[in-house]
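Structural description and commentary
This is what each chain is made of:
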Amino acid sequence: MRLAPKQIETFRDDFTYSNSPEAIARFPFPFPEDEYRYSVNIEPHVTPGPAGSAFEFLFDIDEHYLSEMAERGIVLEENPKRCLAMPHMDLACWDLIERAMVSLSEDYPQWFSLSRDGDRWHWQNHLLHIDDEFVFGDSASLPQPPMEYIGRQLQGDLALLDQRDGDLFLDAGIVTCPADWSLAFDAGMSFKEWHGPVPLAHEMGVFERALKYLTAIPVGSPVRRLNWTLTVNARMDTSPETYPEWGHERTGITAENVGEKLHLRVELQVLDRMPRSNALLFSIRTYLISFDDLCTNPDWARRMHRVLKTLPPELIEYKGLSRYHQTAVDWLSRFDPLS
């Protein structure tokens, strides 16, 4: 079932964000096994996928759309540098506009519409009350720069990776809900450079295999993977820039508030080749679910316990879980009769 966007909720201060039962049912739970280890867990992002699922379309629009767009606006007002595009990425940004507008208007015609007469386009986003006519390829005809314009209308973070010399470079993006990384810091870095802090994977050769695979992705064959971590409170923006606002929250998890405050944070990462620029779109769609809601599914609760219980120390530290890891494992043990 396709979930219509509901009224704006907050990802900061009073944290009014919540998931409906339908949103819980379609949550992209990331663990196919009882243990988690780094791997090149990439699969084709064939669309349309299962009806109503997070994998149905290239861009997933759900009940949190208005809330996430409001949060994006707040973050960009606080720090406009969360959106950037190097001059040579202009064509890639227009690639993204076309990919997004065509996909949204075809997949969600009740909310988005697009008409084209040569280079003259008419775009309507009925959810955000946007009605714009512009000339495709002419940035001056848009109310904001291309990356910001379309980025303010898509859930999740977006990066455009320039491919050259057999490598990928993070040269454009809009990143307002990252899991402890910074676009301003990583901008211009190569694929291996921005993955430098990740433990274990380098020794396993994961990134070498991943890079070889990603640089060979052709136009029209997007792929996806799921990534995960844990977040205290329903906070979307856990960037280094805002660490003073959320870092201390990691020390506030107790046996009494785990279910309410601790959230599984899952990223649906999609990589899609752009046809004109040959850039690679890297979209990072973030989903949050509290442990209380997650544990309404007994299978998820049991597996979550086993995954956290067997997580290597290096990953516990890298994902920032060390202050509350054991508390979470103990709390989840009640859902695992064999623990």
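Residues numbered from 1 in each chain as written. Predicted model: local features only at pLDDT ≥ 70, side-chain atom pairs only at ≥ 80, totals over all residues. Heavy atoms only, no water.

**With respect to the packing of helix α12 (residues 298-309) against helix α14 (residues 325-332)**
Describing two packed helices takes the angle between their axes plus the distance from one axis to the other. Going by this rule: Only the contacting stretch of a helix is used when fitting its axis, a line to C-alpha atoms as for every element, and angles between N-to-C directions run 0 to 180 degrees. Think of it this way: any DSSP run of H or I at least four residues long counts as a helix, any run of E at least two long counts as a strand, and we number them from the N terminus. Crossing handedness follows the turn of the near helix against the far one: under a right angle anticlockwise gives a left-handed crossing, and clockwise gives a right-handed one. Throughout, a contact is declared for two residues whenever any of their heavy atoms are within 4.5 Å. Residue classes follow a fixed rule: Ala, Val, Leu, Ile, Met, Phe, Trp, Tyr, Cys and Pro count as nonpolar, while Asp, Glu, Lys and Arg count as charged, and any other residue, Gly among them, counts as polar.
Across the interface, α12 lies against α14 with an axial gap of 9 Å and an inter-helix angle of 145°. In this structure, the crossing between α12 and α14 has a hand that is left-handed. Along the contact surface, α12 presents Ala 301, Met 304, His 305, Leu 308 and Lys 309, while α14 presents His 325, Ala 328, Val 329 and Leu 332. Looking at the contact of α12 with α14, its residues break down into six nonpolar, two polar and one charged.

**Digging into the packing of aromatic side chains**
Here is the rule we go by: Pairs were defined over the aromatic rings of Phe, Tyr and Trp, the Trp ring being its six-membered one, requiring ring centres within 6.5 Å. Orientation was assigned from the angle between planes: stacked under 30 degrees, edge-to-face over 60, tilted for the rest. Under the scheme applied here, a residue whose accessible area is under 20% of the maximum for its type counts as buried, over 50% as exposed, and between as partly exposed, the area being computed with a 1.4 Å probe on protein chains only. Distance and angle both matter: a charge sits over a ring if NZ of Lys or CZ of Arg is within 6 Å of the ring centre and within 35 degrees of the ring normal.
All told, the structure shown has 22 aromatic pairs when counted by the stated rule. Ring centres 5.4 Å apart and planes at 85° place the aromatic pair Tyr 36 and Trp 228 in the edge-to-face group. With Tyr 36 in the loop between α1 (21-25) and β1 (43-44) and Trp 228 in strand β8 (residues 223-232), this pair connects stretches of sequence that are 192 residues apart. Between Phe 57 and Tyr 108, the ring centres sit 5.2 Å apart and the planes meet at 75°, which makes this aromatic pair edge-to-face. Pair noted here: Phe 57 is in the loop between β1 and α2 (65-78) and Tyr 108 is in the loop between α3 (90-107) and β3 (112-117), with a separation of 51 residues, a long-range link. Classification of Tyr 108 as buried rests on a relative accessible area of 1%. In textbook terms, an aromatic cluster arises when at least three aromatic residues are bridged by ring pairs, as seen for Phe 27, Phe 29, Phe 31, Tyr 36, Trp 228, Tyr 287 and Trp 300. Just above the ring of Trp 228 sits the side chain of Lys 319; from NZ or CZ to the centre is 4.5 Å.

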